[in-house]
Structures are given as C-alpha cells and as structure tokens.
Amino acid sequence: MKKNVRYLVEAFMIVAMLCVVSGCSSINSSEDIGQSVTGVEDKQIIEQDDFSEMEETALNEEHNDTEKASSGEDLDAVEPNVADDDWYMKGNIYTDDKGNRLEVFFNDYGTLEFAINGLSLYFTAFDNFQQENNWKIYTCDDGTMIIYYPGEPAHLEISDGDYAGLYEAGGDKMR
C-alpha cells in the first residue's frame, strides 16, 4: 500500500510540474485540457488570419502605388527617359525672361560648353552629372551648377552668377 501511495504522490507531482510548465491553471476534468489545446489552436488561427490581413494590405498598397504612378498622381516617381540622355546634341537654344540666349555646344572630347549671348562661360564634361528624378545636374569647372529639366519644353537652370536663372528651350535649333 505504501508503494501505491508513493506512486500516486509521484504521479501527482509530475502532473503538477507539467501544469506549471504548460501554463495550465487547473486540471479538474478532461474538458479543461481540451479547452486549453483548443485555445492554443484558436490563437494560432487568429495569428495566421492577422498575418494574412497584413500581407493582403501590403499587396493592396503596392497595387495602389502602381496605379498612382501610372496615372500621374504620384509626380515624385519619374521614370528616366533614355531619349533625354543626349539632350545636349539636339542643339536647342534656350532663352530666359530677360532675353538672354543660352546655347549648348558638345565637342568630340566629351566637353559641354554653355555660351550665353555668344560668350562661352561654363565648361563641364558631358558625363560629369548627378541624376535626381529625371533631372541632370552638371557641375562646371568654376563650380557653377547647371540643371537640365527634360520635358516639352525642356529647361536649363544656372545656379549662380550674373546669368543665374531658368532658361526655356525655344523653337530655334543650332546649325
């Protein structure tokens, strides 16, 4: 009989430790154990549903962003236009609101020359630029920055100096 009591005490201690480890508060019946297992399964299903909703929301936002970009609503996302990479070879004449005339020359040595009213003032290499959005920002030998804005009509902006300002492409072409 002592052995039976001993086995029962040991079994009770094992069950108590299992309850502490597994988080059971009480084991009064088999229904409590079933409810605990069902509760864990329910929690996993809820977590999976939450993850599915988050994933679906992310996909919807990505789809909406794509629609905005293609409809022109999101103007910050400008796709580079390969046709504008050789803009300086087109030979447009740019003018500002003061009547100044800006001409862009390209030579075989890879140099861009910006002449205002027939005077060569700024020089830079055609591949010496930074790209931001679809703009090309050229740093000239004297530190002046000239920014090319593609579009119809295209624009050039001179950052500083006597001829600083925004120049718009005109209908004139250099010959």
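To keep things clear, this report deals only with the structure shown in the data block. Note that the structure is predicted; figures quoted are calculated from it, not measured.

Conventions used here
- Residues numbered from 1 in each chain as written.
- Predicted model: local features only at pLDDT ≥ 70, side-chain atom pairs only at ≥ 80, totals over all residues.
- Heavy atoms only, no water.
- Helix = DSSP H or I, 4+ residues; strand = E, 2+ residues; numbered from the N terminus.
- Contact = heavy atoms within 4.5 Å.
- Areas by Shrake-Rupley, 256 points an atom, 1.4 Å probe, with all protein chains shown as cover.
- Patch = residues over 30% accessible without salt bridge, like charges linked within 9 Å, V, L, I, M, F, W, Y side chains within 5 Å.
- Salt bridge = Lys/Arg side-chain N within 4 Å of Asp/Glu carboxyl O.
- Buried < 20%, exposed > 50% of the residue type's maximum accessible area, 1.4 Å probe, protein only.
- Pairing = 2+ DSSP bridges.
- Core = buried A, V, L, I, M, F, W, Y, C linked by side-chain atoms within 4.5 Å.

Description of the overall build of the protein chain
Link 1 in the chain: Along the protein chain, the regular secondary structure elements total two helices and nine strands.
Link 2 in the chain: Ordered by position from N to C terminus, the α and β elements of the protein chain give α-α-β-β-β-β-β-β-β-β-β.
Link 3 in the chain: Looking at the protein chain alone, contacts between residues at least 24 apart form 34% of all its contacts between residues at least 6 apart.
Link 4 in the chain: Working note: accessible area of the protein chain is about 12900 Å², and carbon and sulfur atoms make up 53% of it.

Details of a nonpolar patch on the surface
Link 1 in the chain: Taken together, the side chains of Val 9, Phe 12 and Met 13 present a nonpolar region at the surface, about 330 Å² in accessible area.
Link 2 in the chain: Judged by its relative accessible area of 48%, Met 13 is partly exposed.

Remarks on the pairing of strand S7 (residues 145–149)
Link 1 in the chain: For S7, a buried count of four out of five residues is recorded, marking the element as mostly surrounded by other parts of the structure.
Link 2 in the chain: The pairing of strand S6 (residues 135–139) with S7 spans four bridges and is classified as antiparallel. If you follow Ile 137 over to S7, its bridge partner there is Ile 147.
Link 3 in the chain: Hairpin connection of S6 to S7: five residues between the antiparallel strands, including Gly 143 at a positive phi of 95°.
Link 4 in the chain: Looking at chain direction, S7 and strand S8 (residues 155–158) are connected through four bridges and run antiparallel. Directly across from Tyr 148, in S8, lies its bridge partner Leu 156.
Link 5 in the chain: The loop that links S7 with its antiparallel partner S8 comprises five residues; one of these, Gly 151, has a positive phi angle of about 140°.

A look at the pairing of strand S2 (residues 101–106)
Regular strands have side chains that alternate between both faces of the sheet.
Link 1 in the chain: Direction of pairing for strand S1 (residues 92–95) relative to S2: antiparallel, over a ladder of three bridges. Across the sheet, Tyr 94 pairs through a bridge with Leu 102, a residue of S2.
Link 2 in the chain: The hairpin formed by S1 and S2 contains five residues between the paired strands, and Gly 99 there has a positive phi angle of roughly 90°.
Link 3 in the chain: Sheet topology note: the S2/strand S3 (residues 111–116) ladder contains five bridges and is antiparallel. From the neighbouring strand, Phe 106 faces S3, where its bridge partner is Leu 112.
Link 4 in the chain: Hairpin geometry of S2 and S3 is characterised by an intervening segment of four residues between the two adjacent antiparallel strands and by a positive phi of about 85° at Gly 110.

Let's talk about the pattern of salt bridges
Link 1 in the chain: All chains considered together, the criterion is met by one salt bridge.
Link 2 in the chain: In this structure, Arg 101 and Glu 103 form a salt bridge, with 3.8 Å as the shortest nitrogen-oxygen distance.
Link 3 in the chain: Judged by relative accessible area, Arg 101 falls into the partly exposed class, the value being 36%.
Link 4 in the chain: Glu 103 gets classed as buried once you look at its relative accessible area, which sits at 15%.

Structural notes on the environment of Lys 98
Link 1 in the chain: Inspection of the secondary structure assignment puts Lys 98 in the loop between S1 and S2.
Link 2 in the chain: Sequence separation of Lys 98 and Tyr 167 is 69 residues, and the distance between their C-alpha atoms is 9.7 Å.

With respect to the nonpolar core
Link 1 in the chain: Counting residues in hydrophobic clusters, the biggest one holds 18 residues, and the most contacted among them are Trp 87, Tyr 94, Leu 102, Val 104, Phe 114 and Leu 156.
Link 2 in the chain: Breaking this core down by element, the ones donating at least two residues are S2, S3, S7, S8 and strand S9 (165–173).
Link 3 in the chain: It is S3 that provides the largest number of residues to this core, a total of three residues.

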